[in-house]
Amino acid sequence: MNRDTAILLTTIIIALILINIGGMFFDIHNNLPYKYNEPIYWPLAIGFSSAGGILIVRLILRTLLPNVIYLNMKDINEYN
């Protein structure tokens with residue numbers, strides 16, 4: 001296994017872990033009785049799931065888009 005493959009697999013694993021942690025917080029938020037429902041679980045669920053989703057989307061964009069389009073999108077994103 002070369003270096004690029006190891007980095008790709010590590011990034012995918014980290015993204016899936018973040019999504020699962022977000023799902024765990026969402027499950028805790030939904031299954032607690034109402035009087036014990038902490039308002040912190042919902043933002044944690046959204047935050048961790050979003051972070052994992054962003055990693056997955058960036059991987060998809062990086063691998064599927066042609067390099068010219070990806071670099072143009074990156075330049076536009078950095079300009080704003």
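Before going into details, it helps to say that this report is about the structure given with it. Just so you know, these numbers come straight off a predicted model, no measurement behind them.

On a plain count of helices and strands, the protein chain comes out with 3 helices and 0 strands. Reading the helices (α) and strands (β) of the protein chain from amino to carboxyl end gives α-α-α. In terms of C-alpha radius of gyration, the protein chain reaches 17 Å, well past the compact-globule figure of 12 Å for 80 residues. Oriented by its inertia axes, the alpha-carbon framework of the protein chain measures out at about 55 × 35 × 15 Å. Taking all contacts inside the protein chain whose residues are at least 6 apart in sequence as the whole, residues at least 24 apart take part in 55%. Accessible surface computed for the protein chain: about 6,500 Å², of which carbon and sulfur atoms make up 66%. Averaged over its 5 positive side-chain charges, the protein chain has a centre that lies 3 Å from the centre of its 5 negative ones.

Helix-helix packing: each pair is described by the crossing angle between the helix axes and the interaxial distance. Direction vectors running N to C along helix H1 (residues 3-31) and helix H2 (residues 41-64) enclose 155°, while the axes themselves pass 7 Å from each other. Taken together, H1 and H2 sit at an angle that is classed as roughly antiparallel. When you trace H1 past H2, the crossing you get is left-handed. Looking at the contact of H1 with H2, its residues break down into 19 nonpolar, 7 polar and no charged.

Reading guide: rules and limits
Residues numbered from 1 in each chain as written. Predicted model: local features only at pLDDT ≥ 70, side-chain atom pairs only at ≥ 80, totals over all residues. Heavy atoms only, no water. Helix = DSSP H or I, 4+ residues; strand = E, 2+ residues; numbered from the N terminus. Rg over C-alpha atoms; globule rule 2.2 N^0.38 Å. Contact = heavy atoms within 4.5 Å. Areas by Shrake-Rupley, 256 points an atom, 1.4 Å probe, with all protein chains shown as cover. Lys, Arg positive; Asp, Glu negative; His and termini not counted. Charge placed at Lys NZ, Arg CZ, Asp CG, Glu CD. Axes fitted to C-alpha atoms, helices over the stretch in contact; angles between N-to-C directions. Parallel < 35°, antiparallel > 145°, perpendicular 65-115°, else oblique. Left-handed = near helix turned anticlockwise from the far one by under 90°. Nonpolar A, V, L, I, M, F, W, Y, C, P; charged D, E, K, R; others polar.

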